[in-house]
Amino acid sequence: MRCLLGFLGAAAWVLCSSGLSAAQLDGKPVPIHRISAKHCKECHQDIYRQWKGSMHAQSTALSDPIHGAFYRMVVGDPTQEGVTKGGKYPVCLKCHAPNAARDGTTKLDAAPAYAEGVNCVACHTLGTYHGIQGPEGKMRLGIDTWTLSDTLLGPNGFFHEQGEAAQRLRVEYEESGDLNPHLGRDNQGKPYMSEEDVQDLDLPLAPNPEMKTAAACLGCHDRRNNPHGVSLCQTGDEYLEGGSRETCQSCHMPVAGGVVNHAMGGGHDLAMLRRAVKLNLHAQSQGNQLQVEVVLENLQPHNVPTGAPFRNAYLKLSALDASGKVLWTNFQVHPAKEDPQAFLVYTLLNDQDQPAPPPKATKPGMDTRLKPFERRTLSYHLPAEGVDSLRAELYYNLLWPALVKKLKHLPEALKQPKRMAWQELKL
Ligand code: HEC
Ligand code: HEC
Ligand code: HEC
Ligand code: HEC
Ligand code: HEC
């Protein structure tokens, strides 16, 4: 039996999820993790639309071209059963296809709830968070870090069959003709949903206030190492070490239009990228030289770029004459060698100190990404003659330049740099 402990005023209450009836579809019990997001869409239309456009809905090898390329390389075909990684169940699925992982299957097209990846029920069944550090130093990953519930969990829950809030909701939704399925059954065991209700779905819901905190994200977003113990992503570690009290939700799930936004943008989302860094450009003339400073300030409690190790960004600085002709730039082809300070990147190396792809790296290389809340100044000296204006642009890339070359078949949009911040200064 799984229980949730809560405090209301001076009284503590305990709610055990097995005290609620299980989810039912057409009158038959159905494992909660096999309920497709399509069922939730009937009522939660805005949230469904936002989620559908997010990387969470694209998280499996069937629908994310970048993850798919790696998955096929290091694991295998996502439409086959019994695919293993070194004889073991592929860990990737514990985060990228959590509902399939709950059933121990690797055939991701076998059910909509598997193919949907991180869908509604994948997140709304995550109970107590236990952290990624398992016993004997072994790391827990994805769904193994939470106690999983067999009923839905929400940030508030409802007062089951009693209390003012439940009464109010019940009356509201009965009057509107839209019955709330999360209230479960009445005292006679009759579902609150009517016969003709959209899906004849009964979905009891219990509260988990931790859903308002980073605990709702960290099991999948804290850290992951490759088989050689080299850290690949560490967004959660970056955040925890920074000691910020800001929640992930405050930025990634803002309230807009009356709902908690589920679009959860990151590196794939230009609007999100544009909020990440404050950029300031200053210039001073010194004889026939210009002394230029570009100040980059990370506004996040995690690195920028954060997440997958191949995310990177670079600064391009240009000096222009009055006609807009470019007189000078900080690099010609790429800053990696020409202006290393302008390249924000985490590199991975092999034993020969050569760059290595994530599965093969044996040690971390340099890490020049902006640390949480870091303010960094890049300085330049350039010839002042004819310069009328300066332009600083910060570009973001989902992939390292070498991977862009290697994964030729990827859609163009995933290979193009995105401009995340810029400023022009007229001298
Ligand atoms: C990646 C995890 C995740 C996914 C996927 C997800 N949710 Fe949520 N959802 C959350 C979290 C976390 C909250 C609590 C946010 C808060 O209160 O700060 C939440 C809140 C909600 C709420 C309450 C909103 C409110 O006004 O308080 C509803 C309703 C909801 N989700 C429905 C859905 C539906 C429907 C889907 C699928 C279309 C879905 N969620 C997918 C994590 C998720
Ligand atoms: C028949 C309509 C209907 C369906 C279908 C439905 N919901 Fe809801 N849900 C509601 C109503 C009504 C509320 C309460 C009002 C609100 O918060 O918007 C609610 C509230 C919630 C909440 C917020 C609870 C809280 O703690 O604040 C979550 C989370 C949620 N639903 C998740 C889901 C998920 C996941 C699915 C699909 C598996 C789903 N719902 C399907 C009608 C529905
Ligand atoms: C069950 C695991 C799981 C949970 C829980 C989860 N995520 Fe995710 N999240 C993923 C996976 C997997 C991806 C990557 C999908 C891909 O790119 O293939 C992702 C992608 C993202 C992205 C987009 C990254 C990009 O490439 O654009 C953001 C932002 C994000 N998650 C934020 C959150 C936040 C905030 C929470 C908590 C409210 C959360 N996630 C909870 C697994 C999870
Ligand atoms: C102050 C706002 C803010 C907070 C708080 C915040 N983020 Fe972000 N996050 C952003 C912005 C802006 C980006 C886009 C820039 C980037 O990718 O570095 C981003 C990017 C991401 C990405 C995308 C990585 C990728 O590979 O594309 C993930 C995942 C993510 N955040 C997870 C989290 C988690 C988990 C938390 C809480 C522990 C969190 N964020 C807290 C603003 C925030
Ligand atoms: C602990 C959870 C977890 C595990 C296990 C995991 N991933 Fe991920 N993965 C994520 C999250 C979260 C993201 C998206 C945010 C980010 O970039 O950190 C992601 C992103 C990715 C991306 C980038 C996707 C994109 O759209 O750019 C690739 C590629 C990837 N994972 C491959 C894999 C492979 C292959 C495995 C198994 C060998 C795996 N992952 C295992 C959580 C995980």
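In this report, the structure presented in the accompanying data block is examined. None of these values were measured; they are calculated from a predicted model.

1. Notes on the sheet that holds strand β15 (residues 289–298)
Piece 1. The three strands lie next to each other as β14-β15-β21, forming an open sheet whose pairing is antiparallel. Both edges of this open sheet fall to β14 (277–286) and β21 (375–383), since each of them pairs with a single strand only. Across the sheet, the mean angle separating the axes of adjacent strands is 15° when strand polarity is ignored.
Piece 2. Here β15 runs beside β21; their pairing, made up of nine bridges, is antiparallel. Within the sheet, the bridge partner assigned to E293 lies in β21 and is S379.

2. Re the site of ligand 3
Piece 1. If you check the shell around ligand 3, you find 24 residues, and the closest are H56, D64, C217, C220 and H221.
Piece 2. Between H56 and ligand 3, the recorded distance is 2.8 Å, taken from a side-chain N or O atom to a nitrogen atom.
Piece 3. When contributions to the shell around ligand 3 are tallied by element, the ones reaching two or more residues are α4 (93–96), α9 (218–221) and α11 (248–252).

3. Brief notes about the coordination of the iron atom of ligand 3
Piece 1. For the iron atom of ligand 3, the full set of protein donor atoms is H56 (NE2) and H221 (NE2), and the range of their distances to it is 2.0 to 2.1 Å.
Piece 2. Taken together, the six donor atoms surrounding the iron atom of ligand 3 define angles of 85 to 179° at the centre, an arrangement classified as octahedral. In this pair, H56 is assigned in the loop between α2 (45–52) and α3 (65–74) and H221 in helix α9, connecting sequence segments 165 residues apart.

4. Regarding the nonpolar core
Piece 1. By size, the foremost hydrophobic cluster in this structure holds 51 residues, and its most contacted members are V294, L296, L315, Y380, L394 and M420.
Piece 2. Residues from two domains meet in this core; each of domain 1 (3–260) and domain 2 (270–426) gives at least three.
Piece 3. Residues within four places of L315 in sequence aside, it is in contact with L279, V294, L296, N330, F331, A342, L378, Y380, A392, E393 and L394.
Piece 4. Counting 16 residues, the second largest nonpolar core, distinct from the first, contains V83, A111, L126 and I143.

5. Here we look at empty space enclosed by the protein
Piece 1. Applying the stated criterion across every chain yields a total of two cavities of 30 Å³ or more.
Piece 2. In this structure, the largest cavity occupies an estimated 60 Å³ of space.
Piece 3. If you trace the largest cavity, you find it lined by C123, L126, G127, Y129, W146, N208, E210, M211, A215 and A216.
Piece 4. Looking at the lining of the largest cavity element by element, the count peaks at three residues for strand β5 (residues 126–129).

6. Focus: the site of ligand 1
Piece 1. The environment of ligand 1 is formed by 21 residues, the closest being C120, C123, H124, M211 and H262.
Piece 2. At 2.8 Å from a nitrogen atom of ligand 1 is found a side-chain nitrogen or oxygen belonging to H124.
Piece 3. Here H262 contributes a side-chain N or O atom positioned 2.9 Å from a nitrogen atom of ligand 1.
Piece 4. Among the secondary structure elements, those contributing two or more residues to the shell around ligand 1 are α2 and α7 (120–123).
Piece 5. Tallying contributions element by element places α2 first for the shell around ligand 1, with three residues.
Piece 6. Per-class residue counts for the shell around ligand 1 are 13 nonpolar, seven polar and one charged.

7. Examining the packing of aromatic side chains
The way to describe two aromatic rings as a pair is by their centre distance and the angle between their planes.
Piece 1. Throughout the structure, instances matching the rule amount to seven aromatic pairs.
Piece 2. Between F70 and F310, the aromatic rings sit 5.4 Å apart at their centres with planes inclined by 15°, giving stacked as the arrangement. Here F70 is found in helix α3, whereas its partner F310 is found in the loop between β15 and β16 (312–320), with 240 residues between them in sequence. In this pair, the class of F70 matches that of F310, namely buried.
Piece 3. Measuring from ring centre to ring centre gives 5.6 Å for Y129 and W146, while their planes differ by 50°; the resulting arrangement is tilted. Taken as a pair, Y129 in strand β5 and W146 in strand β6 (residues 146–148) lie far apart in primary sequence, 17 residues in all.
Piece 4. On the basis of relative accessibility, which here comes to 5%, the residue W146 falls in the buried class.

8. A closer look at the pairing of β15
Piece 1. With eight of ten residues buried, β15 is to be regarded as a mostly interior element.
Piece 2. Direction of pairing for β14 relative to β15: antiparallel, over a ladder of ten bridges. Bridging from a neighbouring strand, V277 pairs with N298 of β15.
Piece 3. Following β14, the chain reverses through two residues before pairing antiparallel with β15; G287 in that reversal takes a positive phi of roughly 65°.

9. Concerning the pattern of salt bridges
A pair can form between side chains of opposite charge whenever their charged atoms are brought close.
Piece 1. Per the counting criterion, the structure on display carries 16 salt bridges.
Piece 2. The partner of R376 in a salt bridge is E374, and the shortest N-O contact between them spans 2.8 Å.
Piece 3. With relative accessibility at 19%, the residue R376 sits in the buried group.
Piece 4. Across the salt bridge formed by K415 and E412, the nearest N and O atoms sit 3.4 Å from each other. Of this pair, K415 and E412 are both found in helix α15 (residues 412–415), three residues apart, which corresponds to roughly one turn of the helix.

What counts and how
- Residues numbered from 1 in each chain as written.
- Chains lettered and ligands numbered in written order.
- Predicted model: local features only at pLDDT ≥ 70, side-chain atom pairs only at ≥ 80, totals over all residues.
- Heavy atoms only, no water.
- Pairing = 2+ DSSP bridges.
- Helix = DSSP H or I, 4+ residues; strand = E, 2+ residues; numbered from the N terminus.
- Axes fitted to C-alpha atoms, helices over the stretch in contact; angles between N-to-C directions.
- Near = heavy atom within 4 Å.
- Polar contact = N/O pair within 3.5 Å; in protein donor to acceptor, adjacent residues only side chain to side chain.
- Donors = N, O, S within 2.8 Å, 3.2 Å for Na, K, Ca; no water.
- Tetrahedral: all angles 85-135°; square planar, octahedral: opposite > 155°, others 65-115°.
- Core = buried A, V, L, I, M, F, W, Y, C linked by side-chain atoms within 4.5 Å.
- Buried < 20%, exposed > 50% of the residue type's maximum accessible area, 1.4 Å probe, protein only.
- Domains from an automatic or database assignment.
- Contact = heavy atoms within 4.5 Å.
- 1 Å grid on protein atoms, 1.4 Å probe; cavity = no way out; pocket = protein on both sides within 12 Å on 5 of 7 lines; lining within 4 Å.
- Points joined across faces, edges and corners; volume = space filled by probe spheres on them.
- Nonpolar A, V, L, I, M, F, W, Y, C, P; charged D, E, K, R; others polar.
- Phe/Tyr/Trp six-rings, centres within 6.5 Å; stacked < 30°, edge-to-face > 60°.
- Salt bridge = Lys/Arg side-chain N within 4 Å of Asp/Glu carboxyl O.

None of this, on its own, says anything about what the molecule does.
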